[in-house]
Amino acid sequence: ACPMLRCHGGNPMPLTVCFLASASALGPAVAADELGYLALGAVFCAIGLITLLLTILRTASRDASIFLFGIMSLLWGLRFVLYTHAVPVLWGWDPAVLDRVARGCTYFSAAAVFAFACAYLGPGWHATLRWMARVALAFAVAAGVVLMLHPDRDLLLPAFSILVLAGVIVVVGNAAHPQLRDQLVRDGVFLGVAFSAAFFLLENLRALGVLSVSFDVEWMGVVVLYVTLGRLNGVRMFSNERRLAALQQELETARRIQASLLPQADPNIAELAVAARYEPMTEVAGDIYDYVEVGRRQLAVLVADVSGHGVPAALIASMVKVAFLAQARQARDPSAVLGGLNRTLRGQLEGQFVTAGYAVIDSEAGCLSYAGAGHPPLLIRPAGGGEIVRIEENGLMLGPFPDADYATASVPLTPGDRIVMY
């Protein structure tokens, strides 16, 4: 309904008359030459919002250039929509305020374009693209403040035109570098960028009065650039998704391989109950544990943690597994096992390190032998209750120190004691 349209007597118009009155008021407002702006604005806004939503949701494959393309698209869409008179007619907003909002979108859209160029092409020669993006953003913020305080929306337009001309020269100059030019040609955007740069140059020279052009050519440059960059970002987005899917598949394969390195069943040792829980923070991790049955009533347990996480740590964890298997002959001696691991891993970890705890539990003799390498302490909860016992016998971490020595601590056990390694 249209509550603001009333007859002279104050009674509301019939619904049909109200609709016709609105249509007749809107008809002249949206002239034929404005319908194009309205359509472009709606399309640009829709694509910009969808792009931003997809970029925000897909954090794993987030690309700064795609995000900035969404910002550019939204700002261009708002500009085109606000170019028409339909918005103030339909929503009853002050046209002067909307004109200033449209001008503000113009200023910020230039900053988004230069930021996109920096994200896509890199900082440029002597970081000129990065500085251009920063200057354009600072200008847009300052111009936004001026637009709020000064009624003349075109006050800073000449300065903005000079800024855009300088920016176009900087972008074109960097794009002329053979390496960047090859990248633009390879991505199929060289001609589109060149044509849109020519349109922007013409429009801003016209705005400064240097050239006499009888019609607005800026929208042509925007459309050409938008189509060019839209195709580019569509390809990049789908490529990112394909790469992410391939990476997820590889990580799943790595997870299965890592799971195969862990004990597949708990050991069966007389008078000893064993339970293990393994939960990596990500698909793969640098944590590993293993058992060695050194006798009918003796069990050795290794728990190790590689610095870092993810695939690099998981690869080193597999090395720890192999190195541990090589210590079978001295499995009853915790200090000898850790010393052997350290010698095997020395110089193989590329700056990383491993902490480890190794315990030999003898249920027949009722004792535990333990040695650590920079690892959190082993914990014993006595059967009769009381204070937790912390076994903190620790040497240096494995890997960086070739001459590290390790000592073994021995403690008595009683039936019902609970031992925790982690």
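In the block above lies the structure referred to throughout.
As a starting point, this report considers the structure included with it. (Residues numbered from 1 in each chain as written. Predicted model: local features only at pLDDT ≥ 70, side-chain atom pairs only at ≥ 80, totals over all residues. Heavy atoms only, no water.)

Let us look at the overall build of the protein chain. Counting its secondary structure elements, the protein chain contains 12 helices and nine strands. Here the protein chain, with 422 residues, has 40% of them falling under the buried criterion. Contacts in the protein chain between residues far apart in sequence, at least 24 positions, make up 66% of those at least 6 positions apart. Within the structure as shown, the protein chain displays about 23100 Å² of accessible surface, and the carbon and sulfur contribution to it stands at 64%. (Helix = DSSP H or I, 4+ residues; strand = E, 2+ residues; numbered from the N terminus. Buried < 20%, exposed > 50% of the residue type's maximum accessible area, 1.4 Å probe, protein only. Contact = heavy atoms within 4.5 Å. Areas by Shrake-Rupley, 256 points an atom, 1.4 Å probe, with all protein chains shown as cover.)

With that out of the way, let us pick up the sheet that holds strand E5 (residues 378-381). Taken in spatial order, the three strands make up an open sheet running E6-E5-E9, and their pairing is antiparallel. Since the sheet does not close on itself, it has two edges, and those belong to strand E6 (389-391) and strand E9 (418-420), each with one partner. Strand-to-strand, the axes of this sheet are offset by a mean angle of 20°, without reference to chain direction. Examined bridge by bridge, E5 and E9 share three bridges and lie antiparallel to one another. Within E9, the residue paired with isoleucine 380 across the bridge is isoleucine 419. (Pairing = 2+ DSSP bridges. Axes fitted to C-alpha atoms, helices over the stretch in contact; angles between N-to-C directions.)

Attention shifts here to helix H3 (residues 64-83). With 20 residues, H3 extends 29 Å from end C-alpha to end C-alpha; this agrees with the ideal 28 Å at 1.5 Å per step. Of all the 20 residues making up H3, 14 are buried; the element is thus mostly covered by neighbouring parts of the structure. (Expected span 1.5 Å × (residues − 1).)

A few words on the pairing of strand E8 (residues 409-412). Within a regular strand, side chains alternate between the sheet's two faces. Of the two faces of E8, the one lined by Ala409 and Val411 is fully buried and the one lined by Ser410 and Pro412 carries no buried residue. Pairing between strand E4 (residues 367-373) and E8: four bridges, direction antiparallel. Looking across to E8, one finds that cysteine 367 is bridged to proline 412.

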